[in-house]
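Reading the structure
This is what each chain is made of:
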Amino acid sequence: MPGALATHIAEVSLIDQHVHGCWLAHRDRRQFENGLNEANTEPLADFDTAFDSQLGFAVRAHCAPLLGLPKHAEPDDYWNRRGQVGELELARLFLRAAKVTDWLVDTGYADGVADVAQLADVSAGRAHEVVRLEQVAEQAAATPGEYASAFEEILHRRAAGAVGTKSILAYRGGFVGDLSEPSAAQVAEAASRWRDNGGTRLSDRVLLRFGLHQALRVGKPLQFHVGFGDRDCDLRKANPLYLLDFLRQSGDTPIVLLHCYPYEREAGYLAQAFNNVYVDGGLSINYLGARAAPFIGRLLELAPFRKIVYSSDGFGPPELHFLGSALWRNGIHRVLSGFVAEDDWSEADAIRVVDLIAHANAARIYRLDAVERV
Amino acid sequence: MPGALATHIAEVSLIDQHVHGCWLAHRDRRQFENGLNEANTEPLADFDTAFDSQLGFAVRAHCAPLLGLPKHAEPDDYWNRRGQVGELELARLFLRAAKVTDWLVDTGYADGVADVAQLADVSAGRAHEVVRLEQVAEQAAATPGEYASAFEEILHRRAAGAVGTKSILAYRGGFVGDLSEPSAAQVAEAASRWRDNGGTRLSDRVLLRFGLHQALRVGKPLQFHVGFGDRDCDLRKANPLYLLDFLRQSGDTPIVLLHCYPYEREAGYLAQAFNNVYVDGGLSINYLGARAAPFIGRLLELAPFRKIVYSSDGFGPPELHFLGSALWRNGIHRVLSGFVAEDDWSEADAIRVVDLIAHANAARIYRLDAVERV
Amino acid sequence: MPGALATHIAEVSLIDQHVHGCWLAHRDRRQFENGLNEANTEPLADFDTAFDSQLGFAVRAHCAPLLGLPKHAEPDDYWNRRGQVGELELARLFLRAAKVTDWLVDTGYADGVADVAQLADVSAGRAHEVVRLEQVAEQAAATPGEYASAFEEILHRRAAGAVGTKSILAYRGGFVGDLSEPSAAQVAEAASRWRDNGGTRLSDRVLLRFGLHQALRVGKPLQFHVGFGDRDCDLRKANPLYLLDFLRQSGDTPIVLLHCYPYEREAGYLAQAFNNVYVDGGLSINYLGARAAPFIGRLLELAPFRKIVYSSDGFGPPELHFLGSALWRNGIHRVLSGFVAEDDWSEADAIRVVDLIAHANAARIYRLDAVERV
């Protein structure tokens, strides 16, 4: 018979504080398998299959039963069955099974996936926008007149209806180097140069820095992609320790370090060192599958318990939006039940920490009680 | 019934080879809670409490029973009870419960805490000084005449009554860059510049390097703060791998890498690579709380077993001087009893390795049999 | 009664895809103990013994029974017993007990150890050469005429009878910096300079880069020493993330990242990010001893299961050629039986993944079915 901790973890509602849209229409098997590989930017090799990975095994273990299949169903059986269900129904099924009340949706890259309203609809939950700063920059580049004021105007307008901002600086040169606020003249010059070059895919460091400091002024939580991502991101330059000087200048604006693998210890340290820094396991949990529990344990090292938040980073296959929740529940149960079994923690404390990570910390920093339902 | 290994670990006497003074007088709750957060240099945020961290939970789990409270006592109850006991009595209680025979005390920063003699007194143990090099530098800057000879004279005088030296280079720019010995002319010039600027808080690289090489000549063990500390230390530049060239030049003087998190694997490698390099878990063990055991396991990877030492790095709340011991005993028991249960190690070997880490290695390198009792 | 997974792991045949020769003649105890320390390049200190390390304990635990001694035999007893057996008989005994069908032998450094044919003979298995690029360079430097064409000619001739190539760039300045293909003029100039300086121990970056790109053209798997090695290698510069740009240029040639500790997570990420990148635990497994299982677990994180291979990296004492196999079997059993016990993986999947790592992946990339038996 499961104890109070196990029952609580199985039932606790989540705020998924960093997620993207899910597919609403059918894809072929190659697209599905590439959707289960984060790091590779090319089609998988002929000899390979995304089903032979921790994520692939986790899909078969945790998602198959929701489709009426046995755990560990064969890949072909799984693929055929999900085709019979249909993508929209899969989205409803998996997103609702995640027991997520609120989805915080990064709308910066959304080709072919549900938008914020659609995500609320299929999940029967609430959905809120997170504004991607590099997208705001592209919008400002396309706006006539002064770049800086256009950026500010667009950011403030979009942020007013959003719960936070997000930076993919990790994908645009990484965190190495000066991240201080540039002067107005530097911004104007850089913007002019970028506009002359087409104003797409921002990689100019001056404008990236400008965007970050504008986001600090907005004051809503600023999310950073940290660590693990696809190979366009130089993982070495996505070590959050390179953010130290920026964090020293970041004031009270909450900074949320997303994903973090393999720098979760460094991220946890920063969450202890700065009152405004938070840490999230995001993407990493899905990709670690059966190895997610030790990772979740590492997130519970130096980071104070009021500084840890949950996300799935689901994008594309709706399995991912559910699997993040399933693996997090499994993993945190293994970690915390171990602490309780050793009498290092009381069960009551463990339950309280579950609530903090599952929803209470995110509700506090994103002020979700104060925002409109989408 | 506990086995021979468990009994041995519970009873073995420790040499705490890197520690600071404990408080002897009352502090308020804010000071106490900040004393349980290492990394942050500001007051904790209003929404936060240091009790909601691994260290806070560990205090409630392991220290509360010594105050007559149940394990996992509520924070308010714990705080009220420790106030009733009084700080001096807390110091006696916790330090004696640590079963430490010898405390090696870094006297470089000692505002408001017990000095070496007081620590010996409250703990009913022996206490020995470790001389902080950057403090010697400040003393030399304040001494008339040539800086280099003043530094040498002060260092040799102080080191004669001490068991080792300590560098906080990690806090003064980190380990990146040239750490070779500067020339006499470079030292004189740098000292003159520093004295002109007031001669406080040494950050000049030439003088820092000079101090390290003087410490090598003294020949007593030289401790380095490595890894985890407060945010004045750039954790990225406190990676011990940056010490490689310095270690290649360090001869026979024992070099002790303190704390090390999250670079404990790198530190263990260096302890295998150099006959004179040692590794310590220090500060990290207290801050990891229920997660200390896996860290202690990682210390037992590449480092030869005669190259690992124990410390608590306690500073301030006397709970920390005890908790280091309690968590180390718990953690090493979990790790080694696992090795024995798998029949990877014999129990006799495990007991022997406990003795090496608990006291034998430190007694050997600090020559504690040869030093005077303070 | 052991289950199907345990039985399968105990019996599965291995391809040891990176190994060196073993000793065939007697050495003294000092040589033997230095043979059990990888990182140190000096004789062990008087106070130390290689038996007091994870590797030393693992030798006593796993090798002693093959010599008719009890597990955890005392070091002196072990040393005496192995002397009675004699080195050639030890080689036969240990190499055959490893259940390895194919040894892929790095012949780049082979002083005093078995050559490829001898290794096949003592092991009663197949042995294949892996050509070390830096050795080819030295041969080219010693060949009259143009360096580049001499290098190409020697490499193609040697590679025709070999299964792969190997680079020790990690020992020749590490991975930091430009690794693109140099121009013919740069190669000629650098070769001239190197020949003038004697043409030994290649450390010229231009020629090292030239060799790598020639190896890519050969198309057979290219192995890189990564991470843990002796202290001539700057471990910080042996982080595989520095290889990112090179990997982006590496086309279809399989790249095998060897050893990897403490960068196994980074290496696994690269194995997910690039269709042609593979990860191996090699040397690290032996040196981790009782701590090998968690390392093997970390190898099973981001790397797809068709991208992980086995090796022992044995060199010298034939214990190492066996111990790699014994520790890998123990470790993968602990990791995978844990996944199965939690019902995260099916037992059938676990058995299939064992086969992939033990031999199927290596057989595929080295095309072992197509090569001649040596």
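Just so we're clear, the structure is a prediction, and the values are computed from it rather than from any experiment.

Here the focus is the interface of chain C and chain A. Contact with chain C, which involves 33 residues of that partner, is made by 40 residues of chain A. When chain C packs against chain A, close to 3300 Å² is buried across both sides, 51% of that on carbon and sulfur atoms. The tally of links between chain C and chain A comes to 7 salt bridges. Scanning the region where chain C abuts chain A turns up 24 residue pairs in polar contact (both at pLDDT 80 or more). Contributing elements (two or more residues each) for the side of chain C that touches chain A: α11 (244-248), α12 (264-273), α14 (292-299) and α16 (347-366) of chain C. Per-class residue counts for the side of chain C that touches chain A are 16 nonpolar, 4 polar and 13 charged.

That bond from A:Y261 to A:P262 is cis: its omega, 0 degrees, falls within 30 degrees of zero. Positive phi, normally seen in glycine, also occurs at B:H259, with a value near 70 degrees. The residue B:H259 is located in strand β6 (residues 255-259) in this model. The class of B:H259 is buried, set by a relative accessible area of 1%. A positive phi angle, near 55 degrees, is found at C:A124, a position not held by glycine.

It is worth spelling out the state of the cysteines at this point. What we call a disulfide is simply a covalent bond connecting the sulfur atoms of a pair of cysteines. The full count for this structure, using the stated rule, is 0 disulfides over all chains. Left unpaired, C:C63 is separated from the closest cysteine sulfur, that of C:C22, by 13 Å.

This paragraph deals with the domain arrangement of chain A. Residue and element names in this part refer to chain A. Looking at the assigned domains, one finds that chain A contains domain 1 (4-26 + 87-372) and domain 2 (27-85). Between the C-alpha centres of domain 1 and domain 2 the distance comes to 25 Å. Residue-level contacts link 31 residues of domain 1 with 24 residues of domain 2. Here domain 1 packs against domain 2, burying approximately 2400 Å² in sum over the two surfaces, 63% of which is carbon and sulfur. Linking domain 1 with domain 2 are 3 salt bridges. Taking the shortest distance from any N to any O, the salt bridge between E87 and R82 comes out at 2.9 Å. Our count for the contact surface shared by domain 1 and domain 2 stands at 11 residue pairs in polar contact (both at pLDDT 80 or more). When residues of the side of domain 1 that touches domain 2 are traced back to their parent elements, those giving at least two are α5 (87-97), α13 (282-288) and α15 (319-341).

With an RMSD of 0.0 Å, the operation that places chain C on chain A is a rotation of 120 degrees combined with a shift of 0.0 Å along the axis. On this basis, the relationship between the two copies can be described by a three-fold rotation axis. Residue C:P294, judged by its C-alpha, is the member of chain C lying nearest the rotation axis, at 5.8 Å. Both copies present different contact surfaces, since only 3% of the interface residues of chain C are interface residues in chain A too.

Listed as interface residues are 40 residues of chain B and, on the opposing side, 33 residues of chain A. Note on chain B versus chain A: buried area summed over both sides is about 3300 Å², and carbon and sulfur give 51% of it. Where chain B meets chain A, there are 7 salt bridges. Residue A:D343 is joined to B:K71 by a salt bridge in which the shortest nitrogen-to-oxygen separation is 3.5 Å. Applying the counting criterion to the chain B and chain A interface returns 24 residue pairs in polar contact (both at pLDDT 80 or more). Listing elements by their share of the side of chain B that touches chain A, those giving two or more residues are α3 (54-63), α13 (282-288) and α15 (319-341) of chain B. Among the elements that take part in the side of chain B that touches chain A, α3(B) stands out by supplying 5 residues, more than any other. Looking at the side of chain B that touches chain A residue by residue, the class counts come to 16 nonpolar, 10 polar and 14 charged.

Calculation criteria
Residues numbered from 1 in each chain as written. Chains lettered and ligands numbered in written order. Predicted model: local features only at pLDDT ≥ 70, side-chain atom pairs only at ≥ 80, totals over all residues. Heavy atoms only, no water. Contact = heavy atoms within 4.5 Å. Buried area = accessible area lost by both parts, 1.4 Å probe. Salt bridge = Lys/Arg side-chain N within 4 Å of Asp/Glu carboxyl O. Polar contact = N/O pair within 3.5 Å; in protein donor to acceptor, adjacent residues only side chain to side chain. Helix = DSSP H or I, 4+ residues; strand = E, 2+ residues; numbered from the N terminus. Nonpolar A, V, L, I, M, F, W, Y, C, P; charged D, E, K, R; others polar. Buried < 20%, exposed > 50% of the residue type's maximum accessible area, 1.4 Å probe, protein only. Disulfide = S-S within 2.5 Å. Domains from an automatic or database assignment. Least-squares fit on C-alpha atoms with pLDDT ≥ 70 in both.

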